[in-house]
Amino acid sequence: MRFREGPFWVRVLVVHARISGLFALPDLPLYQRNLGMNRFAHLLVLSSPFALVAAAQAQASDLKVIYSTVNGHPTASIAGIPNAEINYLDRSAISPSGNHWAITLRLSTGSGVTTEVLVLDGSLLLQGDIQLPFLPSGRTIEYFDTQLGVSNIGEVAWTGDLDGDSATDDVAGYYDGQGVHTILAQEGNPITWGPAGWIFDEIESAGLGPTGMTYELNSIDGGPTTNDDEVLVAGNSIFLREDVHTPSGQMSLPVQPWQHFEHFRTHGSASHHLVSGELMGGASTDRVVVLDGQVIAQSGFQIPAGLATDIIDSFGFTTLGPSGGWMYSAILANGSYATVHNGNVVARDGAPILPGASESYVGPASGLSCNSWGEYVIMGTTSAPVSSNSVLVFNGQEVVARSGDPVDLDGNGIFDDDAFVTRFLAGGCTLSNDRRIYHSAVLQNGLGLPLGEYFGYVQVDDGRVGTTFCEPANTNSTGGSTTLRGYVGGGGSSGLHLEVFNGPSTHLGYFLVGTGVDPIGLPISAGKLCLSTLPGNLMGRYNIAGSNLAGVGRFGSDGILHNLTSTSTSGTGYDVPVELPTIGGTIMAGDTWNFQLWHREPAGESNFSNGLSVTF
């Protein structure tokens with residue numbers, strides 16, 4: 001592994017204690033952290049009385065390749081389609097939690113014949129050149145549109161074109177995550193949920209929202225005029241229609257209805273939506289970005305909370321996070337560019353890419369993404385030499401990858417593939433809640449000769465601590481598993497902060513702590529208790545009202561446990577104190593304690609997260 005940047009290195013060897021001889025926790029790998037702004041790992045330093053040092057997994061390589069177009073390389077092939085190689089990578093989509101991903105690819109058989117495929121989590125989901133049972137008779141998929149939607153339970157929304165008659169080729173398809181495919185709309189068919197006589201025409205821009213699949217009808221036949229035939233669809237209903245619906249909060253008068261939609265972003269995990277496009281009226285003030293029906297930025301006006309000179313001319317990329325966080329890139333009237341995250345200008349060309357850095361952004365952001373934690377990533381170009389000026393910057397604090405970085409193409413943990421990033425491909429970056437930045441990039445060898453492109457990710461080290469057990473937990477009512485993770489920090493005196501993901505919306509839960517681990521788990525209702533109940537073990541519940549021992553929360557529509565007892569500085573999860581509930585006593589340096597979350601299900605059953613062992 002090549003290390004660079006920052007003043008010096010430390011190496012921390014993390015050894016887990018044994019709990020009463022009942023369960024031997026494995027030794028964890030060496031965990032490395034540059035004390036400067038380096039992207040390879042973290043040294044865990046706390047403000048608590050003692051340091052919590054249970055470690056996250058060390059990364060053998062920063063840049064992980066999932067697929068590539070490098071001829072002859074295993075990453076250029078698709079399982080299930082022999083003698084075919086990938087020759088084009090399309091846009092990808094990642095579920096909010098990061099547990100599912102999808103991408104469309106173009107394959108070549110080597111004889112000039114190409115086909116498109118849709119891949120979910122590394123498995124072939126749809127192949128474009130074969131007759132699939134849910135498609136109209138005699139038709140196959142010719143190509144997929146760029147935009148996809150993927151949910152935390154593995155649903156996939158897509159749009160594309162069928163082969164054959166161009167008057168009936170646009171379709172919107174939905175996969176339920178359980179093996180069932182459905183065509184929800186086809187060009188030329190009647191729109192049964194719309195006004196009488198309406199007929200589907202151009203269909204594109206797939207997504208997933210709280211009410212099901214979303215997509216854009218770029219035009220409709222059978223009645224609407226060209227002034228009012230563009231519609232955003234959510235489920236089986238009109239969500240927005242041009243020349244009919246008018247966003248609130250416009251900065252110019254008179255207020256105008258929509259004229260054209262450019263980007264429609266929503267998530268199945270939360271009832272937020274972000275739409276960018278054009279209003280009717282004057283061209284100097286017609287461009288807008290609209291969050292949940294409210295204008296948050298408009299051309300001809302200053303960026304809210306920006307500088308007086310930040311007058312918007314138009315917009316570049318926009319993005320919506322799983323819990324309603326948002327970003328946009330603005331092209332300003334003075335010819336410069338700015339990037340806004342949740343109302344704050346977080347980057348602009350000519351400004352340092354990191355605090356105190358001499359390297360600055362040049363031009364607009366070429367990709368944006370944010371997650372549920374208020375974190376974001378910017379893909380951009382900098383003032384560095386051209387060999388290293390394409391960057392991925394996390395949270396305005398860390399360059400996690402840049403052009404010139406080596407890529408572990410074959411996944412053996414060694415940079416021995418003579419493959420280096422040339423540049424990151426515009427538009428193609430997504431930051432998940434587990435802090436993976438999925439992206440696509442161009443590759444070259446050490447001589448500067450082109451190799452192809454790749455789709456993969458870089459894991460941003462997140463201060464995660466502890467060793468999980470009983471993972472995954474039993475499936476909950478969302479179709480996924482409730483996931484417990486531990487992090488350094490928070491306001492608790494132990495220095496440990498717990499977060500829980502993928503839980504059932506609106507339902508309560510609280511944390512458990514114990515001395516022992518049951519790796520198999522004791523079945524209880526819909527879940528399994530993985531804290532040991534054998535004689536000699538102790539277990540406590542963080543549900544003591546009116547104290548810092550109340551780790552009680554309710555899952556939001558984003559699947560995250562939101563704290564109800566003012567015992568989390570972030571508002572989610574729980575800041576663990578040194579005091580122990582029910583058991584009595586305190587957590588001491590050198591102790592290992594085990595945690596799990598209990599929660600309700602919609603039908604009243606009990607369920608549990610995975611377990612987490614942490615050495616303090």
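Every value quoted in this text rests on a predicted model; they were computed, and no experiment measured them.

Chemist: Describe the state of the cysteines, naming the residues involved and giving the relevant values.
Modeler: Inspection of the entire model under this criterion finds one disulfide. Through a disulfide, cysteine 470 is tied to cysteine 530; the S-S separation comes to 2.1 Å. Of note, the bridge from cysteine 470 to cysteine 530 carries an S-S torsion of about -105° and is left-handed in sense. With a gap of 60 residues between them, cysteine 470 in the loop between β35 (467-469) and β36 (483-488) and cysteine 530 in strand β40 (residues 527-531) connect regions that are remote in the sequence.

Chemist: Explain the pattern of salt bridges residue by residue, including any values.
Modeler: On inspection of all chains with the given rule, the structure shows nine salt bridges. Residue arginine 106 is joined to glutamate 116 by a salt bridge in which the shortest nitrogen-to-oxygen separation is 3.6 Å. With a gap of 10 residues between them, arginine 106 in strand β5 (residues 101-108) and glutamate 116 in strand β6 (residues 114-120) connect regions that are remote in the sequence. For arginine 106, a relative accessible area of 31% gives the class partly exposed. A relative accessible area of 9% means that glutamate 116 is categorised as buried. Ionic pairing is found between arginine 287 and glutamate 262, a salt bridge with its closest N-O pair at 3.9 Å. Of the two residues, arginine 287 is situated in strand β21 (residues 287-291) and glutamate 262 in strand β19 (residues 258-267); the sequence distance between them amounts to 25 residues. The exposure class of arginine 287 is partly exposed, given its relative accessible area of 25%. Its relative accessible area of 29% is what places glutamate 262 among the partly exposed residues.

Chemist: Account for the nonpolar core, with residues named and values stated.
Modeler: As a rule of thumb, nonpolar side chains are buried together in soluble globular proteins. By size, the foremost hydrophobic cluster in this structure holds 22 residues, and its most contacted members are Leu392, Val407, Phe424, Ile437 and Tyr454. Elements supplying a minimum of two residues to this core: β3 (63-68), β28 (376-381), β29 (390-394), β30 (398-402), β31 (420-431), β32 (436-444) and β33 (450-459). Here the element with the most residues in this core is β31; it accounts for four residues.

Chemist: Mind laying out the confidence of the model for the protein, listing which residues take part and the relevant values?
Modeler: Model confidence for the protein is summarised by a mean pLDDT of 86, while 89% of its residues fall at 70 or above. Counted against residues more than four places away or in other chains, residues 1-61, with its pLDDT under 50, gives 162 contacts.

Chemist: How would you sum up the side chain of histidine 73? Please name residues and give values.
Modeler: In this structure, histidine 73 sits in the loop between β3 and β4 (85-94). Of the residues examined, histidine 73 reaches a relative accessible area of 17% and is grouped as buried. There is a polar contact of 2.9 Å between the side chain of histidine 73 and the side chain of threonine 75. Residue contacts for histidine 73: discarding those within four places in its chain leaves Glu85, Leu409 and Asp410.

Chemist: An account of the side chain of serine 329 is needed here, citing residue identities and associated values.
Modeler: Tracing the backbone shows serine 329 in strand β24 (residues 326-332). Other than its neighbours up to four places away in sequence, serine 329 contacts Ser314, Phe315, Gly316, Phe317, Ala338, Thr339, Pro364, Ala365 and Leu368.

Chemist: Report on the packing of aromatic side chains, specifying residues and quantitative values.
Modeler: Here the structure, examined in full by the defined rule, presents 13 aromatic pairs. With a centroid separation of 4.9 Å and an interplanar angle of 40°, the aromatic rings of tyrosine 510 and tryptophan 598 are classed as tilted. With tyrosine 510 in strand β38 (residues 508-514) and tryptophan 598 in strand β45 (residues 592-600), this residue pair connects regions lying 88 residues apart in the sequence. Looking at tryptophan 598, the relative accessible area reads 14%, which means it is buried. Ring geometry for phenylalanine 511 against tyrosine 574: centres 5.7 Å apart, planes inclined by 20°, an arrangement best described as stacked. Taken as a pair, phenylalanine 511 in strand β38 and tyrosine 574 in strand β44 (residues 574-576) lie far apart in primary sequence, 63 residues in all. Side by side, phenylalanine 511 and tyrosine 574 carry an identical accessibility label, which is buried.

Chemist: A description of the sheet that holds strand β27 (residues 367-370) should follow, citing residues and the corresponding values.
Modeler: Hydrogen bonds along the backbone pair up the strands of a sheet, which may run parallel or antiparallel. Spatial ordering of the open sheet is given by β27-β28-β29-β30, a layout of four strands whose pairing is antiparallel. Pairing within the sheet leaves two strands with one partner each, and these edge strands are β27 and β30. With strand direction ignored, the average angle separating the axes of adjacent strands in the sheet is 20°. Strand direction decides the pairing type here: β28 and β29, joined by five bridges, are antiparallel. Looking across to β29, one finds that valine 377 is bridged to phenylalanine 394.

Chemist: Talk me through the environment of threonine 339; I want residue IDs and the actual numbers.
Modeler: Inspection of the secondary structure assignment puts threonine 339 in strand β25 (residues 337-341). Judged by its relative accessible area of 4%, threonine 339 falls in the buried class. Sequence-distant contacts of threonine 339, defined by excluding residues within four places in its chain, comprise Met327, Tyr328, Ser329, Asn344, Val345, Val346, Ala347, Ala365, Leu368 and Ile378.

The rules behind these values
- Residues numbered from 1 in each chain as written.
- Predicted model: local features only at pLDDT ≥ 70, side-chain atom pairs only at ≥ 80, totals over all residues.
- Heavy atoms only, no water.
- Disulfide = S-S within 2.5 Å.
- Helix = DSSP H or I, 4+ residues; strand = E, 2+ residues; numbered from the N terminus.
- Salt bridge = Lys/Arg side-chain N within 4 Å of Asp/Glu carboxyl O.
- Buried < 20%, exposed > 50% of the residue type's maximum accessible area, 1.4 Å probe, protein only.
- Core = buried A, V, L, I, M, F, W, Y, C linked by side-chain atoms within 4.5 Å.
- pLDDT = per-residue confidence, 0-100.
- Contact = heavy atoms within 4.5 Å.
- Polar contact = N/O pair within 3.5 Å; in protein donor to acceptor, adjacent residues only side chain to side chain.
- Phe/Tyr/Trp six-rings, centres within 6.5 Å; stacked < 30°, edge-to-face > 60°.
- Pairing = 2+ DSSP bridges.
- Axes fitted to C-alpha atoms, helices over the stretch in contact; angles between N-to-C directions.

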